[in-house]
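Structure assessment
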Amino acid sequence: MTGRLRVDPIDCAGHGICAELLPERVTLDDWGYPIVDGRPIDGELLAHAKRAAAACPALALRLERGRE
Amino acid sequence: MTSLIGTNADWYLMRASGVVAFVLLTCTAALGVANLARVGRRPSTRTVATLVHRNASLLAVTFLLLHVLTAISDRYVHVPLLAAVVPGVSGYDSLWVGLGAASVDLMAAVVATSLLRARMRHRSWQLVHWLAYLSWPTAFIHAIGSGSGTGTDTGTLWSTAVYGCCAVVFAAAVVLRLGRRPTVGTPRARPAVAGSTVPTRPASLAGAGPAAGRLPELATVGSASTLTPRRSS
Amino acid sequence: MTLIDIPRTVAQLLAPAPDLATHLAVHGPTPAIGTALIPAAHAADVRGRGGAGFPTARKLAAVAAAAAGRRATVVVANGTEGEPLSGKDKALLTLSPHLVLDGLDAAAGAVGATRRIVCIERGNRAVGAAVAAALAERGDPGVEVVTTPRRYVAGQETALVDLIDGGAGRPTLRRPSERGVGGRATLVDNVETLAHLALVARHGPEVALPALVTVGGAVTRPGVQEVATGEPLAAVLDRAGARRPRAVLVGGYSGRWVPAATALRLRLDPASLAAAGTGMGCGAIAVVDDDSCAVVELARVAEWFARSSAGQCGACTWGLRDMADATGAVHAGTRAPAAPADIRRWAAMVRGRGACKLPDGAAGFLGSGIDVFAEEAAEHQAGRCRRADAGLLPVPTPEAFR
């Protein structure tokens, strides 16, 4: 089971929680907005990715499930 | 109806759980509002605040449930089940209990939509969440009440202190929110820039492009804005 | 805006034919070939001429697929031309509106569209009049004309869909070919692309499709030229009367700066331009010469970029603002030694982070500009500039969002 993270740049309000919860895949730019690594996520990291997506106050961070 | 525990325990439990639920409601609301106002420069602060906001709200609901159940079961107050959720039908102290019921309804709407957040449109969720601003004052008035009803503890030193603090905290959060132009949410809120160091385009447009002469040019260019953007560290 | 007279070719976009009679005399009637347009467009390799260069046949096929599923579709002719350097769409609509409308009809026939819409920027009387007159001549009440605000992002296809639907005109993440005007599958094509489709429908896929370019900046004969694919850029610049070019901006404000030595060796075809790290874009070209200060131009356009942002996406709203302030600081020579490095870093940071390609455009323009004009930038930072502000690049104030 894998997934990829994507951020909707319009909905994103730059809270920065995603970068706190998933620094392996999300870093913040100079303005506090997330730069999301689009590489596939699997294993233990997937649970953290789910948490990060659920924690987003704007629901801008989305986890796209896939079979790869 | 027999009381849950016996003798006056229900009565005290009801009052105690009510106070605790209210304090937790205040914390939840204050954290939510402060987060929106971007209090706290470090993302870790705001992350913690958001997560505590969510957990505190669930804890508040737990104590609220206890408060409502003990109010129903208590022998002295005779609050029927319906009155706990429908404002105005309680025979006992109907105004103040009614306010409590209203507050329960509002909080239930906010919490329910938040639990189902992923399954609904963000805009709808946002609109319902704004009801939280109404649920706190409703709960506050219910808590302090008047007369010997829900406002039993009003006037005692401890209740004044507790409710007073809650009021101050909530008011402070709201003032903070109103005072800070929201740098969170839509960046559209950023005000237009002013001032300039770059000169305007010269009027003589020899060799200018096809748009020349047809549109007004930028009068001023560049400079620092009045709001500095948040940096990541 | 002037036109350069060049030898006629078989198929011509800018043969002056604003009235129907002349149009039919020059081009002949455009046959209704229905869905056969799609394979023809594919064979002719028709590409979007609005800037992205996306293969038009693919877009047509996507929308046609929706129509096959019994869903009503819409076609939109994008004549808004918000790129300040570009004048080709205005030229095309004033000189050959019937060719564009033929293309619109051909596209509508290929995708089974029930609505045909032409979009033009408001305030442009000549274009508005030409389109209205052409529609009246054709006696076709079914084509709607929608005017748009004077704003760069208004011409972005998702923003355009939003404007047509009565919105404020901010870009969205919904693909028009899936959910466009009124929720229906929509084909949005630049007017030059539609003109190309008309030529393909008329002459078949083997037709040599000309391209339109606009040349501005330090030239004595600015304006729109009709060229063949693969035309040497040097010939285009020569025709425009470029004097001692120092650097050339290829692809409009969303393009890149190229030093003159490189530019003069380029040909106007995708391969040659790609090798130089750039592309045709909307075909707008600007020249900067030896006597003109380039840094002030960079600063002004940087500010234009910042003000053009729809303010939806954080990286664009803040990033373009910071890049504009940094470029302004370079120009003013204020103590900001890190400014050029900041501009490069932020350019890399904003690329691909918006809902539309505005931040990418700013990143390309300023990133390449700060490199090509590095020497001049350093002079400015040392407090000197030995060149004059020639006002080469137009910077119209974007209309505010409501």
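The notes below deal with the structure included here. (Residues numbered from 1 in each chain as written. Chains lettered and ligands numbered in written order. Predicted model: local features only at pLDDT ≥ 70, side-chain atom pairs only at ≥ 80, totals over all residues. Heavy atoms only, no water.)

1. Overview of the overall build of chain A
Rules: Only DSSP runs of H or I covering at least 4 residues are called helices, and only runs of E covering at least 2 are called strands; the numbering of each starts at the N terminus. Radius of gyration here uses only the C-alpha atoms, and the compact-globule reference equals 2.2 Å multiplied by the residue count raised to the power 0.38. For the exposure calls, accessible area comes from a 1.4 Å probe over protein chains only, and a residue counts as buried if that area is under 20% of its type's maximum, exposed if over 50%, partly exposed in between. Any two residues having at least one pair of non-hydrogen atoms within 4.5 Å are treated as being in contact. Throughout, the Shrake-Rupley method with a 1.4 Å probe supplies accessible areas, and for residues the shown protein chains are the sole cover considered. Counted charges follow a simple rule, with Lys and Arg positive, Asp and Glu negative, and His plus the chain ends left uncounted. Taken as the charge centre is NZ of Lys, CZ of Arg, CG of Asp or CD of Glu, depending on the residue.
Counting its secondary structure elements, chain A contains 2 helices and 5 strands. Radius of gyration (C-alpha) of chain A: 11 Å, near the 11 Å computed for a compact globule of 68 residues. Each principal axis of the C-alpha distribution contributes one length, and for chain A these read about 35 × 20 × 15 Å. Going through the 68 residues of chain A one by one, you find that 56% of them count as buried. Excluding contacts between residues fewer than 6 apart, the proportion of contacts in chain A whose partners are at least 24 apart in sequence is 62%. Carbon and sulfur atoms make up 50% of the accessible area of chain A, which totals about 3,100 Å². Separation of charge centres in chain A, based on 9 positive and 11 negative side chains, amounts to 8 Å.

2. Points about the interface of chain A and chain B
Counted only if it meets this: Buried area is a sum: the accessible area each of two parts loses on coming together, probed at 1.4 Å, counted once for each and added. Here a polar contact means two N or O atoms within 3.5 Å. Within protein one must be a hydrogen donor candidate and the other an acceptor candidate, and residues neighboring in sequence count only if both atoms are side-chain atoms. Charged residues are taken to be Asp, Glu, Lys and Arg, nonpolar residues to be Ala, Val, Leu, Ile, Met, Phe, Trp, Tyr, Cys and Pro, and polar residues to be all remaining types, Gly included.
Contacts between chain A and chain B engage 20 residues on the former and 19 residues on the latter. For the pair chain A and chain B, the summed buried surface comes to about 1,500 Å²; carbon and sulfur atoms form 51% of the total. Together, His 15, Glu 20 and Leu 59 of chain A form the three largest contributors to the area buried by chain A at its contact with chain B, with a combined 29%. At the junction of chain A and chain B, the tally comes to 6 residue pairs in polar contact (both at pLDDT 80 or more). Taken together, the elements giving at least two residues each to the side of chain A that touches chain B come down to helix 1 (17-21) and helix 2 (44-55) of chain A. Classifying every residue of the side of chain A that touches chain B gives 12 nonpolar, 4 polar and 4 charged.

3. Thoughts on the sheet that holds strand 5 (residues 61-66) of chain A
All names here are of chain A. Note the cut-off: Two strands qualify as a pair provided that DSSP identifies no fewer than 2 bridges between them. Here an angle of 0 to 180 degrees is reported between the N-to-C directions of two axes, which are lines fitted to C-alpha atoms, with helices fitted over the stretch in contact.
The strand order across the open sheet built from 3 strands is 4-1-5, with neighbouring strands paired in antiparallel fashion. Edge positions in the sheet fall to strand 4 (41-42) and strand 5, since each has one partner strand and no second. In this structure, strand 1 (residues 2-7) lies alongside strand 5, joined through 6 bridges in antiparallel fashion. Its bridge partner lying in strand 5, Arg 6 is registered against Arg 62. Lying over the sheet, helix 2 contacts strand 1, strand 4 and strand 5, oriented at roughly 140 degrees with respect to strand 5.

4. Points about the nonpolar core
Residue and element names in this part refer to chain C. Note the following rule: Definition used in this section: a nonpolar core is a set of buried Ala, Val, Leu, Ile, Met, Phe, Trp, Tyr and Cys residues joined via side-chain atoms within 4.5 Å.
Within the largest apolar cluster, 92 residues are counted, with the highest numbers of intra-cluster contacts made by Leu 233 and Phe 365. Element by element, the count of residues in this core is highest for helix 12 (residues 294-308), at 10 residues. If sequence neighbours within four positions are ignored, Phe 365 has contacts with Leu 249, Tyr 253, Gly 255, Trp 257, Leu 298, Val 301, Phe 305 and Leu 393. Of all hydrophobic cores here, the second largest spans 49 residues; its members include Ala 57, Ala 66, Leu 135 and Leu 194.

5. Comments concerning the sheet that holds strand 5 (residues 185-190) of chain C
Residue and element names in this part refer to chain C. Pairing is parallel across the open sheet formed by 4 strands, whose spatial order is 4-3-2-5. Since the sheet does not close on itself, it has two edges, and those belong to strand 4 (143-148) and strand 5, each with one partner. Going from strand to strand, the sheet's axes swing by 25 degrees on average, the running direction of each strand aside. Here strand 3 (residues 113-121) runs beside strand 4; their pairing, made up of 6 bridges, is parallel. Directly across from Glu 121, in strand 4, lies its bridge partner Thr 148. Lying over the sheet, helix 5 (residues 97-111) contacts strand 2 (73-79), strand 3, strand 4 and strand 5, oriented at roughly 145 degrees with respect to strand 3. Helix-sheet contacts for helix 8 (residues 191-203) involve strand 2 and strand 5, and the interaxial angle to strand 5 is about 95 degrees.

6. Brief notes about the pattern of salt bridges
All names here are of chain C. Convention followed: Just to be clear on terms, a salt bridge is a Lys or Arg side-chain nitrogen sitting within 4 Å of an Asp or Glu carboxyl oxygen.
Counting across every chain of the model gives 34 salt bridges over all chains. Here Glu 192 and Lys 88 are joined by a salt bridge, their closest N and O atoms 2.9 Å apart. Of the two residues, Glu 192 is situated in helix 8 and Lys 88 in helix 4 (residues 88-95); the sequence distance between them amounts to 104 residues. Here Lys 88 falls in the buried class, since its relative accessible area comes to 0%. Here the salt bridges do not stand alone but share partners, grouping Asp 102, Asp 105, Arg 116, Arg 138 and Asp 140 into one network.

7. Some remarks on the side chain of Ser 272 of chain C
The residue Ser 272 of chain C is located in helix 11 (residues 270-275) in this model. Beyond its immediate sequence surroundings of up to four residues, Ser 272 of chain C is in contact with Leu 266 and Arg 267 of chain C.

8. Looking at helix 8 of chain C
Residue and element names in this part refer to chain C. Quick reminder of the rule: What a helix should span is 1.5 Å times the count of its residues minus one.
The end-to-end C-alpha separation of helix 8 is 18 Å, in line with the 18 Å expected for 13 residues at 1.5 Å each. Within helix 8, 11 of the 13 residues are buried, leaving the element largely enclosed by the surrounding structure. For helix 8, every residue scored as buried is listed here: Val 191, Glu 192, Thr 193, Leu 194, Ala 195, His 196, Leu 197, Ala 198, Leu 199, Val 200 and Ala 201. A side-chain oxygen of the first residue of helix 8 lies 2.9 Å from the backbone nitrogen of Glu 192; this N-cap is Asn 190. Where helix 8 terminates, the next one or two residues include Gly 204, which has phi positive at roughly 90 degrees.

9. Describing helix 2 of chain A
Along its 12 residues, helix 2 of chain A runs 17 Å from first to last C-alpha, staying within 8% of the 16 Å computed at 1.5 Å per residue. Taken residue by residue, helix 2 of chain A has Leu 45, Leu 46, Ala 49, Ala 52, Ala 53 and Ala 55 of chain A as its buried positions. Against strand 1, helix 1, strand 4 and strand 5 of chain A together with helix 2 (43-73) of chain B lie the buried residues of helix 2 of chain A.

10. A closer look at a nonpolar patch on the surface
All names here are of chain B. For clarity, the threshold we go by: Think of a patch as exposed residues, more than 30% relative accessible area, with no salt bridge, where like charges cluster within 9 Å and nonpolar side chains (Val, Leu, Ile, Met, Phe, Trp, Tyr) cluster within 5 Å.
A cluster of nonpolar side chains, contributed by Leu 82, Val 85, Val 86 and Val 89, occupies part of the molecular surface with about 300 Å² of accessible area. Relative to the helices and strands, Val 89 resides in the loop between helix 3 (81-85) and helix 4 (94-115). On the basis of relative accessible area, Val 89 is assigned to the partly exposed category, the value being 43%.

11. Brief notes about the packing of helix 13 (residues 314-332) of chain C against helix 15 (residues 358-372) of chain C
Residue and element names in this part refer to chain C. Put simply, the rule reads: Between 65 and 115 degrees an angle is taken as roughly perpendicular, under 35 as roughly parallel, over 145 as roughly antiparallel, and anywhere else as oblique. Helix crossings get a hand from a simple test, with the near helix turned counterclockwise from the far one by less than a right angle marking a left-handed crossing and a clockwise turn marking a right-handed one.
The N-to-C vectors of helix 13 and helix 15 enclose an angle of 20 degrees; their axes lie 10 Å apart at closest approach. In terms of axis orientation, helix 13 runs roughly parallel to helix 15. Both helix 13 and helix 15 take part in a crossing whose hand is left-handed. From helix 13, Cys 316, Leu 320, Met 323 and Thr 327 reach across to helix 15, where they touch Leu 358, Pro 359, Ala 362 and Leu 366. Class assignment of the residues belonging to the contact of helix 13 with helix 15 gives a composition of 7 nonpolar, 1 polar and no charged.

12. Topic: the packing of aromatic side chains
Cut-off, in case you're wondering: Here is the rule: rings of Phe, Tyr and Trp (six-membered ring for Trp) pair when centre to centre is within 6.5 Å. Planes less than 30 degrees apart are stacked, more than 60 are edge-to-face, and the remainder are tilted. A ring has a charge above it when a Lys NZ or an Arg CZ is no more than 6 Å from the ring centre and no more than 35 degrees off the ring normal.
With the rule as written, the count across this model stands at 13 aromatic pairs over all chains. Taken together, a centroid distance of 5.1 Å and an interplanar angle of 50 degrees make the contact between Tyr 152 of chain C and Trp 304 of chain C tilted. Remark: Trp 304 of chain C occurs in helix 12 and Tyr 152 of chain C occurs in the loop between strand 4 and helix 7 (157-164); sequence separation between them is 152 residues. For the ring pair Trp 257 of chain C and Phe 365 of chain C, a centre distance of 5.6 Å and an interplane angle of 55 degrees mean the geometry is tilted. Remark: Phe 365 of chain C occurs in helix 15 and Trp 257 of chain C occurs in strand 9 (residues 256-259); sequence separation between them is 108 residues. On the basis of relative accessibility, which here comes to 4%, the residue Trp 257 of chain C falls in the buried class. You can call Phe 365 of chain C buried: its relative accessible area is 0%. Following the ring pairs from residue to residue traces out a cluster consisting of Tyr 152, Tyr 253, Trp 257, Trp 304, Phe 305, Phe 365 and Phe 373 of chain C. In this arrangement the basic side chain of Arg 117 of chain B is found over the ring face of Trp 125 of chain B, its NZ or CZ atom lying 5.5 Å from the centre. Positioned over the ring face of Phe 401 of chain C is Arg 151 of chain C, at 3.7 Å from the centre of the ring.

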